Structures are given as C-alpha cells and as structure tokens.
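The residues making up each chain are set out below.
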Amino acid sequence: MQLLCILLTVWVWFYVVVSSFVVAAGVIIMSYLPVKMRWIDAWVRGWGAGTILFSGVRVKVTGREKIDVNKPYVFLANHQSMYDIWTILGAFPPVIKWFAKQELFKIPLIGRAMTKAGYLSVDRAQPREAMKALKEAANTIKSGSSVVIFPEGTRTKDGHLQPFKKGGFVMGIEAGVPVVPVIIRNSFNILPGGGLIVHPQKVELE
C-alpha cells in the first residue's frame, strides 16, 4: 500500500507542476484575446477538477441549495491542506475569486496568471496593508464576484481549527453581502501540513 501511495504521489506532483504552468500560460494567453472572464474561470476550475480526479480523491458536496450561484458572497472555509484549494476549485458550485499571499504573485508566470484571473493579493506581514486590501476587495465583490478566504490565515498543523482573523468578516460587511461558512472535512488526511505523500480520501464539502 505504501508503494502505491508513493507511485501515486510521484504522478500527482508531476501532474500538478506541469498542469500549473499549462493553466497559467493558458490564462495569460486568454487574457489578451477577446474571450469572456467565464472562460478563464472555467479553465482554472478544470485544473482543480483534474487534480482531484488524478489524485483518486472523491468529493461529496452538500448544501448547494443554500446559495444562489448568480449572487456574490464571501465564503469562509477552514484550511486543512493544499487539497482544500483544488477541492473548492473543482467541486464548488459558484465561480469564485481567491485571496492569496503576496509571495505567490512573485512566481514567474504563475503570479501573472493569478493577476489576470482576477485573484487578490494580501500581505499578511503588514496587518494594516492587509486590512486595506480586504476593504478594497469589497469593490470586486460588489461587481458580482464571490470570494473565498481562509479565516485561519494558514493551514492547520495538527488538524484542529485555529483562531479566526477578522478580515473576511470585515470584507463581507464592507461589500454588504452574506458571509457563508464552508466546512471542509478529511482533506487533512490526504496531505497533512508539511507532508508530501498523497493519501487518497473522500472529502466532504458543506
């Protein structure tokens, strides 16, 4: 079983690295073409769905009927592992934009693609600047785009929920839209913080 996990892990990381740059290049190219943003969103969502599929991970989504995909929200989700991002991208009903730490926007190609896709940068080392960015992001939400944020600020190290930061709540108030809690279960067991070996599991997204 361990050998199978290692082989799967090698395949998954190969896929993630190659597909990340392919998706990034595609986003950049499409951003200069007369295509609508929804095509870029679909391209990125396909990357998330593909990663989940090729990892052997199954996702069960409940509570779809509680949201209107045509209205903007601020979604607050717990953060257990890197697979939270791919799970939300690949299985979450509405189109969403992401907040990401500023360092990711400095990665060649990847950072430019994130900007073109409408993702938002936040400097966690500067609380005042981070809060300013959150308030400015309210304009993006008012224009009709939902946003996902991890209020814990970073991935859990032990699988337990960490204290929440207030930024996501401030953003919802500033934008005047509902703040919706999202519960992600079992992704920690796929790839714990600091780990590299992928262990396929069934993830619940509520």
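The structure this text deals with has already been given above.
Computed from a prediction, not measured in an experiment: that's the story for all the values here.

To continue, consider the pairing of strand β3 (residues 96-101). Among the six residues of β3, five are classified as buried, and the element is accordingly described as predominantly covered. Sheet analysis places β3 next to strand β5 (residues 146-149), joined by three bridges and oriented parallel. Paired with Ile96 across the two strands is Ser146, which belongs to β5. Examined bridge by bridge, β3 and strand β4 (residues 120-122) share three bridges and lie parallel to one another. Bridge pairing in β4 places Phe99 opposite Leu120. Crossover handedness for the path β3 to helix α4 (residues 110-116) to β4: right-handed.

Right, let's talk about the sheet that holds strand β8 (residues 202-205) for a bit. Spatial ordering of the open sheet is given by β1-β8-β7, a layout of three strands whose pairing is mixed. Across the chains shown, the open sheet's two edge strands, defined by having one partner strand only, are β1 (58-61) and β7 (184-185). In the sheet, β1 pairs with β8 via four bridges, with the strands oriented parallel. Residue pairing across strands places Val59 opposite Val203, the latter belonging to β8.

Enumeration according to the criterion identifies nine aromatic pairs in this entry. With a centroid separation of 5.7 Å and 85 degrees between ring planes, the pair formed by Trp11 and Phe54 is classed as edge-to-face. Placement of Trp11 in helix α1 (residues 2-31) and of Phe54 in helix α2 (residues 37-54) is noted, with a sequence separation of 43 residues between them. Classification of Trp11 by relative accessible area gives partly exposed; the value is 37%. Where Trp98 meets Phe150, the ring centres are 5.9 Å apart and the plane angle is 45 degrees; that geometry is what we call tilted.

Among the nonpolar cores identified, the biggest contains 44 residues, and Phe75, Tyr83, Ile88, Trp98 and Tyr119 are the most heavily contacted of them. When contributions to this core are tallied by element, the ones reaching two or more residues are α1, α2, β2 (74-77), α3 (83-91), β3, α4, β6 (179-182) and β8. Element by element, the count of residues in this core is highest for α1, at nine residues. Look past the residues within four positions of Ile88 in its chain and what remains in contact with it is Ala77, Ile96, Trp98, Val148, Phe150, Ile184 and Leu205.

What counts, and at which threshold
Here the residue index of a chain counts from 1 through its sequence in written order. Residues qualify for local features only when their pLDDT is at least 70, as the model is predicted, and side-chain atom pairs are given and counted only at 80 or more; totals for whole chains, interfaces and linings, by contrast, use all residues. Just so you know, side-chain values use all the structure's heavy atoms and leave hydrogens and water out. Exposure classes here rest on a 1.4 Å probe applied to the protein chains alone. A residue is buried below 20% of its type maximum, exposed above 50%, and partly exposed in between. Note on conventions: DSSP H or I runs of at least 4 residues are helices, E runs of at least 2 residues are strands, and numbering of each starts at the N terminus. Criterion used throughout: strands pair if DSSP finds at least two bridges between them. Crossovers are described as right-handed under a simple rule: with the strands pointing away from the observer, the path leading from the first strand over the helix to the second runs clockwise. Stacked, tilted and edge-to-face pairs are distinguished by plane angle, under 30 degrees for stacked and over 60 for edge-to-face with tilted covering the rest, among Phe, Tyr and Trp rings (Trp via its six-membered ring) whose centres lie within 6.5 Å. Working definition of a nonpolar core: buried Ala, Val, Leu, Ile, Met, Phe, Trp, Tyr and Cys residues. They are joined through side-chain atoms within 4.5 Å. Only heavy atoms enter the contact rule, under which two residues are in contact if any of them lie within 4.5 Å.

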